[in-house]
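Take a look at the letters that make up each chain.
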Amino acid sequence: MSKLVNITIDGKAIQAEEGKGLMLVARENGIFIPSLCFYEHIEPPLGTCRVCTCKINGKYSPACTEKITEGLTVEVNTEELVDSRKALVEMMFAEGNHICPACEKSGHCDLQHMGYELGISSTRFQHLFKDRAIDYKPSRMVMEHNRCIKCLRCVVDVKTDDGKKVFNYQDRGNETYVGIDYEQEEKLSEEQVINAMKICPTGAIIVRGVSLAAPFGDRKYDMDSVQKDYTKKKHGHRSRPTMMEKKIVATVSLAGCFGCHMSMLDIDTDLLDVVELISFDKSPLTDFKNFTSRCHIGIIEGGVCNSENIETLRKFREHCDILVSLGECSIWGGLPTMRNSIPLSECLEEAYLNSATSEPGANIVPYHEDLPKILDRVYACSEIVRIDYFIPGCPPDANHIWKAVKNILWGEEYSILYSEFKYD
Amino acid sequence: MQEPLQTRMMDQLWDLQLSNGYITDEDVIKLSRQFNLSEIEVEGVVSFYHFFHRKPTGKYTIYLNNSIVADIKGFSRIKETLERESGTTFGSVDRTGTFGLFLTPCIGLSDQEPSALINFYPFTNLNAIKIKDIISSLKRGVDPETICDSPADNIRYMPPGNKTVFFKEFANGSAFARATTLGEDGVLEELKKAELAGRGGAYYPTWKKWSAAKSQPSATKYVVCNADEGEPGTFKDRVLINTQANTLIEGMIICGYTIGAENGIVYLRGEYRWLKNKLEAAIDEYKKAGLLGTDCGNIKGFNFDIRVQMGAGSYVCGEETALLESLEGKRGEPRTKWFFPVEKGYLQHPTVINNVETFCAAARIIEIGADAYMSQGIPGSPGVKLLSVSGDCKLPGLYEIEWGMTVAELLELCEAEDPYYIQVSGPSGECISIKEKYRRISMLDLLARKDIRCGGSFMIFSKQRFGKSAAKFFRILYV
């Protein structure tokens with residue numbers, strides 16, 4: 001064993017073995033440094049995801065590529081670092097097409113989990129919606145290029161018994177993607193194939209037939225945060241607000257499924273508070289078609305997919321003091337964005353002309369001046385009007401919604417539990 | 001030591017690319033069998049390099065430089081003419097399979113733009129008439145090798161009073177002979193005294209790097225010369241290889257002698273393929289003279305050999321660990337900084353990687369002695385530096401300046417035309433305004449707050465050049 005040296009992580013003095021990796025030392029001492037590419041037995045470390053970026057001896061560098069030396073000073077959780085770490089993960093969400101509610105890996109996914117850990121509710125970057133083909137050719141796997149974050153784990157770690165690579169980077173620069181060798185993939189054992197899926201920090205490598213083996217609710221990241229201290233945070237004070245002026249709320253579902261509205265109804269006994277404190281204006285709950293007064297808060301579910309949605313959304317902006325995006329579809333487009341990488345004409349043809357139930361030649365694409373026009377792609381609400389707050393989830397937890405709304409309207413202190421912030 | 005087979009895969013890919021114009025599916029399968037790799041790995045290597053193609057590139061493959069300096073010197077006109085004369089557009093091959101047109105960022109000829117490579121032979125100072133001549137000759141079946149230009153060296157300035165360090169006559173073996181009398185530690189002392197620092201632009205003290213490699217217990221060590229001069233606007237290494245290949249070789253021999261290495265490799269960028277023969281001829285000359293090979297320079301037990309490895313068009317391979325990956329026949333992607341190359345470099349053996357200019361300077365310092373070298377320059381930054389000057393000036397070319405010269409003096413020397421801003425050390429360097437022209441060029445200031453540290457590229461832009469177009473080119477370069 002090599003000699004012990006003194007280091008400090010976030011002000012905490014620690015003795016550690018010289019030359020050992022910083023990530024391991026932090027982990028042994030119960031300090032959580034987020035990372036998506038670090039994998040204990042891969043050496044040298046990959047250093048690809050940059051999520052573990054810390055301030056090390058005054059310089060910004062990834063913790064995973066740092067070896068312990070005497071006097072090492074590491075800052076992990078300064079405000080700036082937490083924010084830039086968040087930005088890095090947000091970039092990954094904006095760069096790929098990560099549609100969590102439709103993903104087999106949901107609940108088992110390191111990237112999704114990291115989003116929750118870092119409290120990402122929307123990305124500050126515009127989603128790219130790049131058109132990427134899914135590779136169905138391998139016999140036992142599916143390579144979902146939409147979800148790959150190019151962490152290099154599979155490239156380095158997945159090899160056949162005779163030492164040949166199964167995955168490798170292809171092309172370069174912006175166009176880089178992870179290619180899979182069909183011939184070598186055949187040679188992998190069942191166990192190796194499942195391992196490939198497991199080490200993938202996202203849902204890019206999917207094994208046919210086994211990817212949904214664990215039901216939702218029983219999955220790795222379903223209930224608890226890996227940051228144990230996180231859940232110990234003090235619970236927000238839940239006193240009933242005393243007599244207050246009734247606030248006026250409007251809600252709408254644009255290109256959504258009404259799931260978020262359903263979720264709103266799940267607040268159980270708190271509904272009594274709602275009746276006391278809030279009156280609804282334009283909303284599917286009241287069935288008011290038009291605004292009758294100015295509203296304190298407007299809650300938007302769903303993204304924007306047609307001209308009518310734009311009109312409605314603009315009216316909401318006009319009539320509401322505060323606009324809240326509720327749920328994934330509203331925040332960045334969500335499930336409906338699955339069509340964003342496909343030309344609109346193809347979508348319409350598939351839906352109205354070539355679908356399994358349509359009779360050849362008998363159907364047309366509906367077109368009438370009274371019908372709203374479909375947009376070229378699905379937009380996030382924030383791309384159309386200014387949105388003040390985002391409540392993520394698919395759907396968001398009822399308590400989370402209610403707490404957030406209370407907080408916005410009355411400035412009430414609140415904290416959210418991991419289980420409320422984690423939805424699958 | 002026998003190098004593993006994969007290290008020579010790049011050579012085979014070059015042969016296939018040059019003989020067929022592209023790399024076929026069968027080639028990929030054949031190579032994967034030969035090197036015992038999976039096909040995807042070979043495919044990954046091929047798709048990484050700009051000069052390797054998986055589709056035919058025509059009998060004559062033309063790479064036109066689209067760097068910012070070319071843009072100033074009339075790139076768009078040349079592009080148009082090339083497309084019209086050859087009957088195809090950029091990024092494709094004409095119907096008869098004769099001409100393939102491609103763009104490439106900076107081919108190291110910024111002092112004689114617009115320029116292009118045709119089948120990797122250089123054609124410089126292009127204009128519409130010249131293009132017409134070239135294309136019609138090629139259509140007649142003339143070999144581009146016979147009509148290509150031999151790029152001028154354009155050495156515009158050397159310290160007055162015959163005080164040049166780099167371009168004096170050099171007698172093969174003279175520096176090495178002095179090195180052997182100094183001994184290994186003596187060489188390190190000399191370099192330390194002369195404060196020689198890495199001339200690629202990072203300015204890490206050369207003696208420290210060499211002595212770190214020397215202290216490694218490994219029996220196998222390597223000396224690698226980084227001749228992947230990819231930063232747009234720089235061409236000093238091109239001139240050095242063209243005129244001073246022998247000093248470069250000698251610098252590498254001295255390094256090998258000092259650290260105890262037996263193998264040297266020059267990683268030459270694909271764009272300089274036309275310099276390969278010249279460099280190899282110089283190496284052969286050294287071998288014949290007994291200065292390379294077994295017991296070289298009559299030093300018992302000192303065996304040292306040098307070979308040339310071609311790159312294939314990748315900007316990032318100028319980064320030392322990416323260069324090592326590329327040398328090993330892999331995708332040229334930077335390694336995690338877990339070890340220094342002097343600890344684990346090429347094939348995980350201790351490796352010294354230095355820039356062409358550093359090796360040349362080391363040979364010259366040993367030849368003339370640190371004291372003579374230090375008679376120029378300024379305290380803390382002694383000696384001279386080569387700068388590649390291009391852009392809006394009457395005399396673009398190579399300038400051997402004494403450290404400490406101001407930007408203003410240099411602008412006067414090269415007869416800059418209405419200079420407005422200067423991009424120093426290429427796109428990844430810094431952009432300075434003409435208001436800062438009294439700043440000195442030296443290696444004193446690590447963060448370049450006061451003095452300017454320059455890796456070699458010095459691009460001058462006049463007031464009429466639009467900052468945006470430069471920014472656009474630089475963006476294209478990096479993505």
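Keep in mind it's a predicted model, so treat the numbers as computed, not measured.

About the cut-offs
- Residues numbered from 1 in each chain as written.
- Chains lettered and ligands numbered in written order.
- Predicted model: local features only at pLDDT ≥ 70, side-chain atom pairs only at ≥ 80, totals over all residues.
- Helix = DSSP H or I, 4+ residues; strand = E, 2+ residues; numbered from the N terminus.
- Rg over C-alpha atoms; globule rule 2.2 N^0.38 Å.
- Buried ≥ 20, exposed ≤ 12 C-beta atoms within 10 Å, placed from the backbone.
- Contact = placed C-beta atoms within 7 Å.
- Domains from an automatic or database assignment.
- Nonpolar A, V, L, I, M, F, W, Y, C, P; charged D, E, K, R; others polar.
- Pairing = 2+ DSSP bridges.
- Axes fitted to C-alpha atoms, helices over the stretch in contact; angles between N-to-C directions.
- Core = buried A, V, L, I, M, F, W, Y, C linked by C-beta atoms within 7 Å.
- Parallel < 35°, antiparallel > 145°, perpendicular 65-115°, else oblique.
- Left-handed = near helix turned anticlockwise from the far one by under 90°.
- Expected span 1.5 Å × (residues − 1).
- pLDDT = per-residue confidence, 0-100.

1. Looking at the overall build of chain A
Item 1. Assigned secondary structure in chain A consists of 15 helices and 17 strands.
Item 2. Here the C-alpha atoms of chain A give a radius of gyration of 24 Å, agreeing with the 22 Å that 2.2 N^0.38 yields for 424 residues.
Item 3. Taking the principal axes of the C-alpha coordinates as reference, chain A spans close to 75 × 65 × 35 Å.
Item 4. With 424 residues in all, chain A has 39% of them scored as buried.
Item 5. Looking at chain A alone, contacts between residues at least 24 apart form 71% of all its contacts between residues at least 6 apart.

2. Quick notes on the overall build of chain B
Item 1. A count of helices and strands for chain B gives 16 helices and 17 strands.
Item 2. Taken along the three principal axes of its C-alpha coordinates, chain B extends 65 × 60 × 40 Å.
Item 3. Considering chain B as a whole, with its 479 residues, one finds that 53% of them fall into the buried category.

3. Overview of the domain arrangement of chain A
Residues and elements named next belong to chain A.
Item 1. The assigned domain composition of chain A is domain 1 (4-77), domain 2 (94-230) and domain 3 (247-421).
Item 2. Computed from C-alpha coordinates alone, the two centres of domain 2 and domain 3 are separated by 29 Å.
Item 3. On the side of domain 3, 17 residues touch domain 2, which itself brings 17 residues to the contact.
Item 4. When its residues are assigned to classes, the side of domain 2 that touches domain 3 shows 8 nonpolar, 6 polar and 3 charged.

4. Notes on the sheet that holds strand 6 (residues 134-135) of chain A
Residues and elements named next belong to chain A.
Item 1. A sheet is described by the order of its strands in space; here 3 strands give the open sequence 6-7-10, paired in antiparallel fashion. Edge positions in the sheet fall to strand 6 and strand 10 (205-207), since each has one partner strand and no second.
Item 2. Bridge count between strand 6 and strand 7 (residues 141-144): 2 bridges; the pairing is antiparallel. Looking at the pairing, Asp-135 lines up with Met-143 of strand 7.
Item 3. This element, helix 6 (residues 190-199), spans strand 7 and strand 10 of the sheet and lies at about 140 degrees to strand 10.

5. Focus on the nonpolar core
Item 1. If you look at the biggest cluster of nonpolar residues, it comprises 137 residues, and the most contacted ones within it are B:Ile62, B:Val224, B:Leu248, B:Ile253, B:Ile254 and B:Ala362.
Item 2. Counting residues per element, this core draws most heavily on helix 10 (residues 236-259) of chain B, which supplies 12 residues.
Item 3. Setting aside chain neighbours within four positions, we find B:Ala362 in contact with B:Leu191, B:Leu196, B:Thr206, B:Gly251, B:Ile254 and B:Cys255.
Item 4. Membership of the second largest hydrophobic core comes to 57 residues, among which are A:Ala63, A:Met141, A:Val155 and A:Ala204.

6. Considering the interface of chain A and chain B
Item 1. Residue-level contacts link 20 residues of chain A with 14 residues of chain B.
Item 2. Contributions of two or more residues to the side of chain A that touches chain B are made by strand 8 (167-170), strand 9 (177-180) and helix 5 (182-187) of chain A.
Item 3. It is strand 8 of chain A that contributes the most residues to the side of chain A that touches chain B, 3 residues altogether.
Item 4. Considering only residue class, the side of chain A that touches chain B consists of 6 nonpolar, 8 polar and 6 charged.

7. Considering the packing of helix 10 of chain B against helix 13 (residues 356-368) of chain B
Residues and elements named next belong to chain B.
Item 1. Put simply, helix 10 and helix 13 touch, their axes get as near as 7 Å, and they point 60 degrees apart. As the angle between them shows, helix 10 and helix 13 are arranged oblique. By crossing handedness, the relation of helix 10 to helix 13 is classed as left-handed. For the pair helix 10 and helix 13, contact is made by Lys-236, Asp-237, Leu-240, Ile-241, Gln-244, Thr-247, Leu-248, Glu-250, Gly-251, Met-252, Ile-254 and Cys-255 and by Val-356, Glu-357, Phe-359, Cys-360, Ala-362, Ala-363, Arg-364 and Ile-366, respectively.
Item 2. Residue composition of the contact of helix 10 with helix 13, by class: 12 nonpolar, 3 polar and 5 charged.

8. Considering the sheet that holds strand 1 (residues 4-9) of chain A
Residues and elements named next belong to chain A.
Item 1. Taken in spatial order, the 5 strands of this open sheet run 2-1-5-3-4, and their pairing is mixed. A strand with exactly one partner marks an edge of an open sheet, and here the two such strands are strand 2 (12-17) and strand 4 (59-62). Looking at each pair of strands side by side, their axes are set apart by 35 degrees on average, direction ignored.
Item 2. Bridging between strand 1 and strand 5 (residues 73-75) involves 2 bridges; their strand directions are parallel. Each bridged residue has a counterpart across the sheet, and for Thr-8 the counterpart in strand 5 is Thr-73.
Item 3. Of the strands in this sheet, strand 3 (53-56) and strand 5 are in contact with helix 2 (residues 79-95), which crosses strand 3 at around 150 degrees.

9. Quick look at the packing of helix 2 (residues 25-34) of chain B against helix 3 (residues 39-48) of chain B
Residue and element names in this part refer to chain B.
Item 1. Contact geometry for helix 2 and helix 3: axes closest at 8 Å, N-to-C directions at 120 degrees. Considering only the axes of helix 2 and helix 3, their crossing is right-handed. Here Val-28, Ile-29, Leu-31 and Ser-32 of helix 2 come into contact with helix 3, specifically with Glu-39, Val-42, Glu-43 and Val-46.
Item 2. Tallied by class, residues from the contact of helix 2 with helix 3 come to 5 nonpolar, 1 polar and 2 charged.

10. Digging into unusual backbone geometry
Item 1. Omega for the peptide link from A:Glu43 to A:Pro44 comes to -5 degrees, which places this bond in the cis form.
Item 2. Among the structural elements, A:Pro44 can be located in the loop between helix 1 (22-28) and strand 3.
Item 3. Cis geometry marks the peptide bond from B:Glu113 to B:Pro114; its omega dihedral reads -10 degrees.
Item 4. Mapped onto the elements, B:Pro114 comes out in the loop between strand 3 (99-104) and strand 4 (116-118).

11. Here's the deal with helix 13 of chain B
Residues and elements named next belong to chain B.
Item 1. The terminal C-alpha atoms of helix 13 lie 18 Å apart, and with 13 residues this matches the ideal 18 Å at 1.5 Å per residue to within 8%.
Item 2. Counting buried residues in helix 13 gives 12 out of 13 residues, a clear majority hidden from the surface.
Item 3. Taken together, the buried positions of helix 13 are occupied by Val-356, Glu-357, Thr-358, Phe-359, Cys-360, Ala-361, Ala-362, Ala-363, Arg-364, Ile-365, Ile-366 and Glu-367.
Item 4. Phi for Gly-369, located one or two positions after helix 13, is positive at around 90 degrees.

12. Some words on the pairing of strand 1 (residues 60-65) of chain B
All names here are of chain B.
Item 1. Counting buried residues along strand 1, 6 of its 6 residues qualify, which places the element largely inside the surrounding structure.
Item 2. Side chains of strand 1 alternate between two faces, with Tyr-60, Ile-62 and Leu-64 and Thr-61, Tyr-63 and Asn-65 buried alike.
Item 3. As judged from the 6 bridges shared by strand 1 and strand 3, these two strands associate in the parallel manner. Bridging from a neighbouring strand, Leu-64 pairs with Leu-103 of strand 3.

13. What about helix 8 (residues 174-193) of chain B?
For an α-helix the count is 3.6 residues per turn, leaving residues at separations of three or four pointing the same way.
Residues and elements named next belong to chain B.
Item 1. Taking 1.5 Å of rise per residue, the 20 residues of helix 8 would be expected to cover 28 Å, yet its terminal C-alpha atoms sit only 20 Å apart, more than 12% below that figure.
Item 2. Among all positions of helix 8, only Ala-175, Phe-176, Ala-179, Val-187, Glu-190 and Leu-191 are buried.
Item 3. Its buried side turned inward, helix 8 meets helix 9 (206-214), helix 10, helix 13 and helix 14 (370-373).
Item 4. Taken from the residues just after helix 8, Glu-195 is the one with a positive phi, measuring 55 degrees.

14. Quick look at the confidence of the model for chain A
Item 1. Averaged over all residues, the pLDDT of chain A is 87; the fraction at 70 or higher stands at 93%.
Item 2. When the criterion is pLDDT under 50, residues 229-242 of chain A qualifies, and its contacts beyond four places in sequence or with other chains add up to 16 contacts.

15. What to know about the confidence of the model for chain B
Item 1. Confidence in the prediction for chain B averages 89 pLDDT; 96% of positions are at 70 or higher.
Item 2. For this predicted complex, the interface confidence score (ipTM) comes to 0.87, while the overall pTM stands at 0.83.

16. A word on the environment of A:Tyr367
Residue and element names in this part refer to chain A.
Item 1. Inspection of the secondary structure assignment puts Tyr-367 in the loop between helix 12 (344-353) and strand 16 (374-379).
Item 2. Residue classification places Tyr-367 among the exposed residues on the basis of 8 C-beta atoms within 10 Å.
Item 3. Sequence separation between Tyr-367 and Gly-179 is 188 residues, and the spatial gap between their C-alpha atoms is 42 Å.

17. A closer look at the pairing of strand 7 of chain A
Residue and element names in this part refer to chain A.
Item 1. Hairpin remark: strand 6 followed by strand 7, antiparallel, with 5 residues in the connecting loop.
Item 2. When strand 7 meets strand 10, the two strands line up antiparallel, connected through 3 bridges. By the bridge assignment for strand 10, Met-141 is matched with Val-207.

18. Quick notes on the environment of B:Ala70
Residues and elements named next belong to chain B.
Item 1. Following the sequence through the fold, Ala-70 ends up in helix 4 (residues 68-72).
Item 2. C-beta crowding within 10 Å serves as the criterion here: with 28 such atoms nearby, Ala-70 is assigned to the buried category.
Item 3. Note: C-alpha distance between Ala-70 and Tyr-22 (48 residues apart in sequence) is 27 Å.

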